[in-house]
Amino acid sequence: MVFRKLLACLMVAGELSGCTTMQSAMQSVQPWEKDQLAKEEMQLVPDRTEEFFDSRVYFSREAAFGGKGVGGGGCGCN
Amino acid sequence: MQLTKKRKGEAVRSLLSAASASLLLAVPLAHAEDVHQQHPEGAHQHHAEGAPDQPWRIDIGTMRYSEKDRISVSEQNFRARRQMSEENALSLRADYDSVSGASPSGTTKIQTTSGASGTAYMAHFQTTRAAAGVDWETGLSPDTHLTLSGDHSSSKMNKSSGIGATVARDFNQRNTTLVAGASYSVDAIDMAIKTELTPDSTATIRAASEKKDQIDLQLGVTQVLARGTLLQLNFVHGHASGYMTNPHKLISVVHPLTGETLTYSPLTEKRPDTRYSNALYAQINQVLGTGVLYSSYRYFQDTWGIKAHTVDFKYRQPITEKLYVQPHVRVYAQSAADFYRSMLAVGEIPTYASADYRLAKLLTNSVGVKLGYQPTFGGELTARIEAMRQNGEQHPQDAIGVQRSADLFPELEATIFHIGYTKPF
């Protein structure tokens, strides 16, 4: 419960829409209400090649990297 | 024949049960696998495309990255994924890129000298790289999924190999997915490695190759917050050890008062041989009307003293049933590495030093737009253009004498053009 409250609060920080409202929304999402979430565009990475190319560009031009996951191998460069 | 009220109620309940069962199977699996960056579509895509009849999915992309007066990159990427059974899928990935052009060498633009010490502000180079990878996704239980990955890339001087494993477990009616992952990679560089922080003109070759190890550990959670709202939180800790110096970069040596380079040879650079990094990443996908807003933020810090913030927004808006437009804005800001030096005064030999502008304080701004279209022959075609601009401190505090009058940060303007095609079948 505390974990879910924390998640709800994090969401609120982004949307400024009220912690209680979001928490109740979270609890009310039932399997048959996931029509929107099931759409391709709601994937966390909807376009794999776009994600891949962007990560390559920014990795080679900025000092910070990663954060979205692990694996994929290195680039073999410094 | 008319149904009685009771029978109608039973029919509705049956329908809801069937719908809920199918959605239970379809949606959360997607989010579980989506957490892992390398395997974004997973079962989600499979079900969303009406899958048992479409066990294959291919992703093809080509990108052209062009910097004004600097390098150009041409890159091709391919992936094929095969759903082998309900719980098992195999993916093969391939990538090829070709880079050519000029890159800042690290030396200052103003070189008040003649003869041996003069070193080009820009260094020209050309290279090609090929990479391949494989992913195996399998179910450990109805709620737990394992993904194993292997990668290898190779260019003339660099080779990299890596393995990774990610476990995702669903909870809370599959509204919550916890993810834990780990990966290991080793990079090898095969070229003449010169002695570090020594004058380039007299540096000797101390090794024919060097290597670097990288371990990454990930903890993440994906949470359905509302009917049209999805949150991802990720923490990734990285530990790199080994050779991380850039053997192509130099640092100008100048007179301590005038800033003139005179006849001083620039020094080879040297970076620490360990680097611990932490990245905290948050992403929210939010349905807004008929569109979807993707918002993300990343905080990064490492033991080299770099702190970086990244914010990214994309908004996908359908125009027709087969066409959508997606504008994009990204802002990135980083502080300098502790050992970043735009130049060194003659006689000064720090423990570590690099004049690589990518370790300087800098800001990157990107704007772009993508169009997605579903052609009559199936799948989805995308075309995207992005403009990227990088700025930094033109007159850093450690600039000396005449170097203060120069623009020391090599500003960068680049365009990215990308065409992609995705098709399940």
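Owing to the predicted nature of the structure, the values given are computational and were not obtained by experimental measurement.

Basis of the calculations
- Residues numbered from 1 in each chain as written.
- Chains lettered and ligands numbered in written order.
- Predicted model: local features only at pLDDT ≥ 70, side-chain atom pairs only at ≥ 80, totals over all residues.
- Helix = DSSP H or I, 4+ residues; strand = E, 2+ residues; numbered from the N terminus.
- Buried ≥ 20, exposed ≤ 12 C-beta atoms within 10 Å, placed from the backbone.
- Contact = placed C-beta atoms within 7 Å.
- Core = buried A, V, L, I, M, F, W, Y, C linked by C-beta atoms within 7 Å.
- pLDDT = per-residue confidence, 0-100.
- Expected span 1.5 Å × (residues − 1).
- Pairing = 2+ DSSP bridges.

Comments concerning the overall build of chain A
Move 1: Looking only at helices and strands, chain A features 3 helices and 0 strands.
Move 2: Secondary structure elements in chain A, listed N-terminal to C-terminal, are α-α-α.
Move 3: Relative to its full complement of 78 residues, chain A shows a buried share of 45%.

What about the overall build of chain B?
Move 1: When you go through chain B residue by residue, the secondary structure sums to 2 helices and 20 strands.
Move 2: Taking all 425 residues of chain B together, 39% fall into the buried category.
Move 3: Sequence separation of at least 24 residues holds for 60% of the intrachain contacts in chain B that already meet a minimum separation of 6.

Re the environment of Ile416 of chain B
Move 1: Relative to the helices and strands, Ile416 of chain B is located in strand β20 (residues 412-424).
Move 2: Accessibility expressed as a C-beta count within 10 Å gives 20 for Ile416 of chain B, which makes it buried.
Move 3: In this structure the C-alpha to C-alpha distance between Ile416 of chain B and Met388 of chain B, which are 28 residues apart in sequence, comes to 7.9 Å.
Move 4: Ile416 of chain B has contacts with Val57 of chain A together with Met63, Tyr65, Glu386 and Met388 of chain B, leaving out every residue within four places of it along the chain.

Focus on the nonpolar core
Move 1: Of all hydrophobic cores here, the largest spans 20 residues; its most connected members are Ala63 of chain A together with Ile306, Ala308, Ala337, Leu359 and Ala360 of chain B.
Move 2: Other than its neighbours up to four places away in sequence, Ala360 of chain B contacts Ala336, Tyr340, Gly392, Glu393 and Phe409 of chain B.
Move 3: Counting 11 residues, the second-largest nonpolar core is a separate cluster that includes Val29 of chain A together with Leu225, Leu230 and Leu231 of chain B.

Observations concerning the confidence of the model for chain B
All names here are of chain B.
Move 1: For chain B, per-residue confidence averages 88 on the pLDDT scale, and residues scoring 70 or more make up 86% of the total.
Move 2: In the predicted structure, residues 1-6 sits below a pLDDT of 50 and forms 2 contacts with residues beyond four places in sequence or in another chain.
Move 3: The ipTM for the predicted assembly is 0.86, set against a pTM of 0.85.

Regarding helix α3 (residues 48-61) of chain A
Move 1: Here α3 of chain A contains 14 residues, and its C-alpha end-to-end distance of 20 Å stays within 8% of the 20 Å for a straight helix at 1.5 Å per residue.
Move 2: Looking at α3 of chain A, one finds that the buried residues are Arg48, Thr49, Glu50, Phe52, Phe53, Asp54 and Val57 of chain A.
Move 3: Summarising the contacts, the buried residues of α3 of chain A are in contact with β1 (56-67), β2 (72-83), β19 (380-392) and β20 of chain B.

Looking at the pairing of strand β13 (residues 274-288) of chain B
Move 1: Direction of pairing for strand β9 (residues 229-242) of chain B relative to β13 of chain B: antiparallel, over a ladder of 13 bridges. Note that in β13 of chain B the partner of Phe235 of chain B across the bridge is Leu280 of chain B.

A short note on the environment of Gly220 of chain B
Residue and element names in this part refer to chain B.
Move 1: Looking at the secondary structure, you find Gly220 in strand β8 (residues 205-226).
Move 2: On the neighbour-count criterion, Gly220 (24 C-beta atoms within 10 Å) is buried.
Move 3: Once the C-alpha coordinates of Gly220 and Gly101 are considered, the two residues, 119 residues apart in sequence, prove to be 39 Å apart.

Regarding the confidence of the model for chain A
Segments scoring low in pLDDT should not have their predicted coordinates read at a detailed level.
Residue and element names in this part refer to chain A.
Move 1: Chain-level statistics for chain A give a pLDDT mean of 72 and a share of 55% at 70 or above.
Move 2: Mean pLDDT values over the elements of chain A span from 48, in helix α1 (residues 2-15), up to 94, in α3.
Move 3: Throughout residues 12-22 the model reports pLDDT below 50, and contacts reaching past four residues in sequence, or to other chains, amount to 13 contacts.

Describing unusual backbone geometry
Residue and element names in this part refer to chain B.
Move 1: Even without glycine at this site, Asn172 takes up a positive phi of about 55 degrees.
Move 2: Notably, Arg174 is not glycine yet its phi reads approximately 60 degrees, a positive angle.
Move 3: Note on placement: Arg174 falls in the loop between β6 (158-171) and β7 (176-194).

Focus: the pairing of β19 of chain B
Residue and element names in this part refer to chain B.
Move 1: In the sheet, strand β18 (residues 362-373) pairs with β19 via 12 bridges, with the strands oriented antiparallel. Bridge pairing in β19 places Leu363 opposite Asn391.
Move 2: Connecting the antiparallel pair β18 and β19 is a turn made up of 6 residues, with Gly378 showing a positive phi of about 95 degrees.
Move 3: As paired strands, β19 and β20 are joined by 11 bridges and run antiparallel to one another. Following the sheet pairing, Met388 is matched in β20 by Ala414.

Section: the environment of Pro256 of chain B
All names here are of chain B.
Move 1: By the secondary structure assignment, Pro256 is in the loop between β11 (253-254) and β12 (267-268).
Move 2: Expressed as a C-alpha distance, the spacing of Pro256 and Arg206, which sit 50 residues apart in the sequence, is 29 Å.
Move 3: In contact with Pro256, not counting residues within four places along its chain, are Ala345, Val346 and Ile400.

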